[in-house]
Amino acid sequence: MCRAVLRLVARRRYSTMELLRSQGRGCGLVIFSVLSGHARCMLLTTMRLHPSENIIHNRAVALGWLRLGLLALIVGTMMIGAASAQTAEELVQLINDYRSEGRSCDGRTLQAAGPLAPHAGLSNVQISGTKDLRKALRKQNYSPASFQAISISGPASPSAAMDLIMQRYCQPLMNPQYAEIGVSREGRTWRIVLARPVLSPDLSSWSDAGREILRLTNQARSEPRTCGRQEFGAALPLAWAPRLGAASLTHSRDMAKQNYFSHRAKNGKRANDRVERQGYTWRNVGENIAAGQGSAKQAVSAWVSSPPHCVNLMNPNFTEMGAAYAVDKKSDYTIYWTQVFAAPR
């Protein structure tokens, strides 16, 4: 009889008397709770309708319980949505942490790859073949230059899912041409979509994009944040430093022109060398790089979702920054981003 009551409520074709009669046949008052995405009936108490009972009283009680049940359904759904988003975010961080170091995949040595930026549209697509995925991406207004879908079943947690993905999909995880990621979960089935978007034709100048990175970075620093296993409180905003911007542009252009992705340039120079060459006397210096992201927002999103990059971004010892991108369509990743942090001496 609980199912009958649920059908009445779902169709909104019920009266108080119908609810009470259903309860009188043994279901009792019902509230709705959500467990693993399914509604179920919870028996509270049995109220049998008797001709001598006060109908108005029973109607008020029934409506009260109904309102409570609907409220429980809404709250339960919100809690499940938040939990699902949290597990997806955790898996993205694990994948980005994995990509931050060189790996050996099927006998091949692969270099560290840039972090992947979470993309809501990639999380919403359904996976059922390459052609279907391409159509699903278009429905999400996503134009991919390259993409791949991964689906696994069985793991109950993000860490267990990561263990299985590493065993089966090491090379796709480490593929540097992917710049964005979407993760969804249904029960113990996990779906991961890796993609790189087509370069936006209205990308702003490198200096404007760099200042947009500054704005987004300060927005991220304004709130406490957990980067992997490290917790950070809110940090003071960074100031734009033209010399750090120039150092960022130099490295982005060098990576794009010579088709590589690394903090160490082909000539062996690192971030501190590039900063010094711009005449900046530093006390602390750090650098984030990314490749394939088509906008400043995507680049910062990738860094925030990658524990080692997030640590740089939230470091309270840095007081200034610069950022820039460079494009070379003949290169592997098309677009390269550099963000340099520092504190002057």
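Right above here is the structure, for reference.
My aim in this report is to walk through the structure given alongside it, one point at a time.

Note on soluble globular proteins: their nonpolar side chains tend to be buried together. Counting residues in hydrophobic clusters, the biggest one holds 25 residues, and the most contacted among them are Ile-213, Val-300, Trp-303, Leu-313, Met-321 and Trp-337. Taken together, the elements giving at least two residues each to this core come down to helix 8 (206-221), helix 11 (296-304), helix 12 (307-314), strand 13 (320-327) and strand 14 (335-344). Grouped together as the second largest cluster of nonpolar side chains are 23 residues, Ala-88, Ala-161, Met-174 and Trp-190 included.

Turning next to the sheet that holds strand 5 (residues 117-118). What links the strands of a sheet is backbone hydrogen bonding, and the strands pair in either a parallel or an antiparallel sense. Read across the open sheet, the 4 strands follow the order 5-7-8-6; overall the sheet is mixed. The sheet is open, and its two borders are formed by strand 5 and strand 6 (144-153), each paired with just one other strand. Relative to strand 8 (residues 189-197), strand 7 (residues 180-186) runs antiparallel, the two being bridged by 7 bridges. Each residue of the ladder has a partner; that of Val-183, found in strand 8, is Ile-192. Packed on one face of the sheet, helix 6 (residues 158-168) meets strand 6 and strand 8 and runs near 110° to strand 6.

Attention shifts here to the pattern of salt bridges. For the structure shown, the criterion picks out 4 salt bridges. Put simply, Glu-101 and Arg-103 hold a salt bridge, and the shortest N to O gap is 3.9 Å. A salt bridge links Arg-274 to Glu-287, with the shortest nitrogen-to-oxygen separation between them at 2.9 Å. Of this pair, Arg-274 sits in helix 10 (residues 271-277) while Glu-287 is found in strand 12 (residues 282-291), placing the two residues 13 residues apart along the sequence. Given the relative accessible area of 8%, Glu-287 is considered buried.

Our focus in this paragraph is the environment of Ala-209. Its location among the elements puts Ala-209 in helix 8. Residues Ala-209 and Lys-297, 88 residues apart in the sequence, show an inter-C-alpha distance of 9.1 Å. Beyond its immediate chain neighbours, meaning those up to four positions away, Ala-209 contacts Ser-204, Ala-296, Tyr-325 and Trp-337.

In this section: the sheet that holds strand 12. Read from one edge of the open sheet, 4 strands run 11-13-14-12, paired in mixed fashion. A single partner strand is all that each edge strand has here, and the edge strands are strand 11 (239-240) and strand 12. Here strand 13 pairs with strand 14 via 8 bridges, running antiparallel. Across the sheet, the residue bridging to Tyr-325 is Trp-337, located in strand 14. Along the sheet, helix 11 contacts strand 12 and strand 14; its crossing angle with strand 14, the most-contacted strand, is approximately 65°.

Attention shifts here to the state of the cysteines. Counted according to the given criterion, the structure contains 2 disulfides. There is a disulfide in this structure between Cys-105 and Cys-170, and the S-S distance comes to 1.7 Å. Across the S-S bond linking Cys-105 and Cys-170, the dihedral sits near -45°, which makes this disulfide left-handed. With Cys-105 in strand 3 (residues 103-105) and Cys-170 in helix 7 (residues 170-174), the pair connects residues that are 65 residues apart, well separated along the chain. Cys-105 sits in the buried class, given a relative accessible area of 0%. Each sulfur of the disulfide joining Cys-227 and Cys-310 lies 2.0 Å from the other. In this structure, the disulfide formed by Cys-227 and Cys-310 twists by about -50° around the S-S bond and is classed as left-handed. On the criterion of sequence distance, the pair formed by Cys-227 in strand 9 (residues 225-227) and Cys-310 in helix 12 is long-range, its members being 83 residues apart. Both residues of the pair, Cys-227 and Cys-310, count as buried.

What follows deals with the environment of Leu-249. Relative to the elements of secondary structure, Leu-249 occurs in helix 9 (residues 242-258). Residue Leu-249 is classed as buried on the basis of its relative accessible area, which comes to 10%. In this structure the C-alpha to C-alpha distance between Leu-249 and Ser-207, which are 42 residues apart in sequence, comes to 8.9 Å. Ignoring sequence-local partners within four residues, the contact set of Leu-249 consists of Trp-206, Ala-324 and Tyr-325.

How each quantity is defined
- Residues numbered from 1 in each chain as written.
- Predicted model: local features only at pLDDT ≥ 70, side-chain atom pairs only at ≥ 80, totals over all residues.
- Heavy atoms only, no water.
- Core = buried A, V, L, I, M, F, W, Y, C linked by side-chain atoms within 4.5 Å.
- Buried < 20%, exposed > 50% of the residue type's maximum accessible area, 1.4 Å probe, protein only.
- Helix = DSSP H or I, 4+ residues; strand = E, 2+ residues; numbered from the N terminus.
- Pairing = 2+ DSSP bridges.
- Contact = heavy atoms within 4.5 Å.
- Axes fitted to C-alpha atoms, helices over the stretch in contact; angles between N-to-C directions.
- Salt bridge = Lys/Arg side-chain N within 4 Å of Asp/Glu carboxyl O.
- Disulfide = S-S within 2.5 Å.

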